[in-house]
Amino acid sequence: MDPTWNGQFSRFDLVSKTSERSRSIVRVRDVEIGGNEVIVMAGPCAVESERQLLETAETVAEAGARILRGGAYKPRSSPYAFQGLGVAGLKLLRKAREETGLAIVTEVLSEKDVDQICEYADILQVGARSMENYSLLEAVGKCGRPVLLKRGMVATLEELLRSAQIVAAAGNPHIILCERGIRTFEPATRNTLDISAIPVLKTVSHLPVIADPSHAAGVRCLVPILARAAVAVGADGLLVEVHPSPEAALSDGEQSLTFREFRDMMDDLQPYLAIQREARRLRPELLAVVGAD
Ligand code: PEP
Ligand code: MN
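The notes below deal with the structure included here. All residue numbers here refer to positions counted from 1 along the written sequence of the relevant chain. Numbering of ligands from 1 and lettering of chains from A proceed in the order in which they are written. Side-chain atom pairs in this predicted model are given and counted only at pLDDT of 80 or more, local residue features only at pLDDT of at least 70, and totals for whole chains, interfaces and linings cover all residues. Excluding hydrogens and water, the side-chain figures rest on all heavy atoms present in the structure.

Brief notes about the overall build of the protein chain
Along its length, the protein chain carries nine helices and ten strands. For the protein chain, the spread of C-alpha atoms along the principal axes amounts to about 50 × 40 × 40 Å. Looking at the 293 residues of the protein chain, the share that counts as buried comes to 56%. The contact criterion used is simple: two residues touch if any of their non-hydrogen atoms lie within 4.5 Å. Long-range contacts, defined here as pairs at least 24 residues apart, represent 71% of the contacts in the protein chain between residues at least 6 apart. To measure how exposed things are, a 1.4 Å probe is used in the Shrake-Rupley method; for residues, cover is taken only from the protein chains shown. When the accessible surface of the protein chain is split by element, carbon and sulfur atoms take 52% of a total near 12100 Å². In this count, Lys and Arg are taken as positive residues and Asp and Glu as negative ones, while His and the chain termini are left out. Each charge is placed at NZ for Lys, CZ for Arg, CG for Asp and CD for Glu. Here the protein chain contributes 34 positively and 39 negatively charged side chains, and the mean placements of these two sets differ by 1 Å. Comment: elements are numbered from the N terminus, with helices defined as DSSP H or I runs of at least four residues and strands as E runs of at least two. Burial status follows relative accessibility: with a 1.4 Å probe on protein chains alone, a residue under 20% of its type maximum counts as buried, one over 50% as exposed, and anything between as partly exposed.

In structure tokens, the structure reads:
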């Protein structure tokens with residue numbers, strides 16, 4: 001496949017695919033993102049309480065997730081909505097890691113919080129609303145933690161890669177790209193999951209690419225099927241919202257899976273995960289394993 005996609009993409013020297021570097025693996029504790037396994041990251045939209053987080057962490061770990069998500073600092077559309085627990089939330093995430101062994105991904109909203117969040121998190125999430133916050137991108141580029149960079153709601157893939165290049169140019173090559181749905185004219189879903197973004201990004205960039213079906217769908221009934229679609233087109237991982245009682249969630253309850261729904265989703269995904277694992281093992285050139293870290 002053509003790594004410039006018929007010349008439509010700029011050559012961003014640190015993130016574009018080249019013959020020397022066609023696949024990179026981001027290592028987080030004992031987890032490899034971009035390797036032969038599809039990695040599931042799951043947890044609540046926001047950290048709300050110790051009980052909510054620990055119960056969720058235990059459940060998702062038991063069902064096969066490797067990384068716990070949970071926002072301590074929340075970018076909310078309304079200034080009156082729950083803004084997150086801040087440092088108290090970070091402490092709960094650390095506790096959940098100690099108890100379950102799951103690595104932690106949490107969002108960083110401001111460059112001022114980067115150092116502090118690095119003390120608690122294994123991966124720093126830069127959210128859709130922050131994808132073009134250049135001072136934040138530079139700050140996460142200078143920290144030693146991997147970065148999960150979400151596509152902005154109205155950002156092209158070229159713009160997403162440009163943001164990734166800023167992080168890499170600041171010194172941090174450990175970047176995971178995330179397709180989380182884009183804004184279109186279709187109101188039936190919260191966003192439109194751009195399923196083609198996954199293979200296109202994997203063709204033009206060496207970075208791992210994951211999908212967030214929760215923010216794309218906006219409704220929980222669509223999350224498992226979109227997760228399956230993302231795995232089928234080669235996503236390196238999934239980011240999924242799960243809550244012990246979604247109807248009482250302080251944010252994104254409508255799109256959060258119950259524990260039972262999450263377990264069922266993981267069961268139903270198994271054949272698709274196995275196909276991916278086998279395809280990557282048998283034909284690594286599909287992912288072109290050259291110059292991995
Ligand atoms: C989130 O992951 O909870 C979130 C706010 O996502 P996004 O930045 O994709 O809207
Ligand atoms: Mn959310």
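Digging into the packing of helix 1 (residues 50–63) against helix 9 (residues 259–282)
Fitted lines through C-alpha atoms give the axes, limited to the stretch in contact for helices. The angle between two N-to-C directions lies from 0 to 180 degrees. Running from N to C, helix 1 and helix 9 point in directions that differ by 20 degrees, and their axes come no closer than 9 Å. Considering their axes alone, helix 1 and helix 9 lie roughly parallel with respect to each other. Of the two possible hands of crossing, helix 1 and helix 9 adopt the one that is right-handed. Within the contact between the two elements, helix 1 uses Glu55, Thr56, Thr59, Val60 and Ala63 and helix 9 uses Phe259, Phe262, Arg263 and Met266. Among the residues making up the contact of helix 1 with helix 9, the classes are represented as five nonpolar, two polar and two charged. For classification, angles of less than 35 degrees are called roughly parallel, those exceeding 145 degrees roughly antiparallel, those between 65 and 115 degrees roughly perpendicular, and all remaining angles oblique. By the definition used in this description, the sense in which the near helix is turned from the far one sets the handedness, with an anticlockwise turn below a right angle giving left-handed and a clockwise turn giving right-handed. Side-chain classes follow a simple rule in which Ala, Val, Leu, Ile, Met, Phe, Trp, Tyr, Cys and Pro form the nonpolar group, Asp, Glu, Lys and Arg form the charged group, and the remainder, Gly included, forms the polar group.

Considerations on the pattern of salt bridges
Take a side-chain nitrogen of Lys or Arg and a carboxyl oxygen of Asp or Glu: if they are within 4 Å of each other, that pair is a salt bridge. As enumerated under the stated definition, the model contains 17 salt bridges in all. Among the salt bridges present, the one from Glu261 reaches Arg220, with a minimum N-O distance of 4.0 Å. Here Arg220 lies in the loop between helix 7 (213–217) and helix 8 (223–232) and Glu261 lies in helix 9, a separation of 41 residues in the sequence. Glu261 gets classed as partly exposed once you look at its relative accessible area, which sits at 30%. One salt bridge connects Asp264 with Arg260, and the closest N-O pair in it is separated by 4.0 Å. Taken together, the residues Asp264 and Arg260, both in helix 9 and four residues apart, mark about one turn of the helix. The network of salt bridges with common partners includes Arg151, Glu179 and Asp194.

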